[in-house]
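Now for the letters of each chain:
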Amino acid sequence: MKLPVDNETLNAWSSLLGLTEEQATDVLKEIETTLHAGYAHRPACLRHRSFDELTTDMDIDELALMFLATGLRHTGHPEAAAAVEIRGLATKLQAD
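Now for a look at the structure at hand. The structure presented is a predicted model; accordingly, all values stated were derived computationally and were not measured.

## Considerations on the packing of helix 1 (residues 7-17) against helix 4 (residues 60-74)
Item 1. Viewed as axis vectors pointing N to C, helix 1 and helix 4 meet at an angle of 35°, and their least axial separation amounts to 10 Å. Of the two possible hands of crossing, helix 1 and helix 4 adopt the one that is right-handed. On helix 4, the residues that touch Leu10, Trp13, Ser14 and Leu17 of helix 1 are Ile60, Leu63, Ala64, Phe67, Leu68, Gly71 and Leu72.
Item 2. Grouping the constituent residues of the contact of helix 1 with helix 4 by class yields 9 nonpolar, 2 polar and no charged.

And the structure:
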């Protein structure tokens, strides 16, 4: 999976959350698993597109939100992760 950020950015995010290298790798694996689950249940109008085609234009803000929420869960802060996700969804709904 191609990410919309470089390794330096991922390392900075990991440092901010206090993630170990192993935790950061696990966070990225969990994000990819989540995206694959969404891909498996994509609408019929997107069935002709590959996983890479649908994820290559992922917005950096979307990835940052996923990384933050998943990282918070991995560091033992599930309530903070849920709050981040709820705020992200609310912001998205208001924008649409």
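## Side note on the nonpolar core
Item 1. Grouped together as the largest cluster of nonpolar side chains are 19 residues, with contacts concentrated most on Val5, Leu10, Trp13, Leu19, Ile31, Leu63 and Phe67.
Item 2. Broken down by secondary-structure element, the contributors of at least two residues to this core are helix 1, helix 2 (21-40), helix 4 and helix 5 (78-95).
Item 3. The contact partners of Ile31, leaving out residues within four places of it in the chain, are Leu63, Met66, Phe67 and Thr70.

## Remarks on the environment of Glu21
Item 1. For Glu21, the location among the structural elements is in helix 2.
Item 2. With relative accessibility at 70%, the residue Glu21 sits in the exposed group.
Item 3. For the pair Glu21 and Asn11, spaced 10 residues apart in sequence, the C-alpha to C-alpha distance is 8.7 Å.

How each quantity is defined
- Residues numbered from 1 in each chain as written.
- Predicted model: local features only at pLDDT ≥ 70, side-chain atom pairs only at ≥ 80, totals over all residues.
- Heavy atoms only, no water.
- Axes fitted to C-alpha atoms, helices over the stretch in contact; angles between N-to-C directions.
- Helix = DSSP H or I, 4+ residues; strand = E, 2+ residues; numbered from the N terminus.
- Left-handed = near helix turned anticlockwise from the far one by under 90°.
- Contact = heavy atoms within 4.5 Å.
- Nonpolar A, V, L, I, M, F, W, Y, C, P; charged D, E, K, R; others polar.
- Core = buried A, V, L, I, M, F, W, Y, C linked by side-chain atoms within 4.5 Å.
- Buried < 20%, exposed > 50% of the residue type's maximum accessible area, 1.4 Å probe, protein only.

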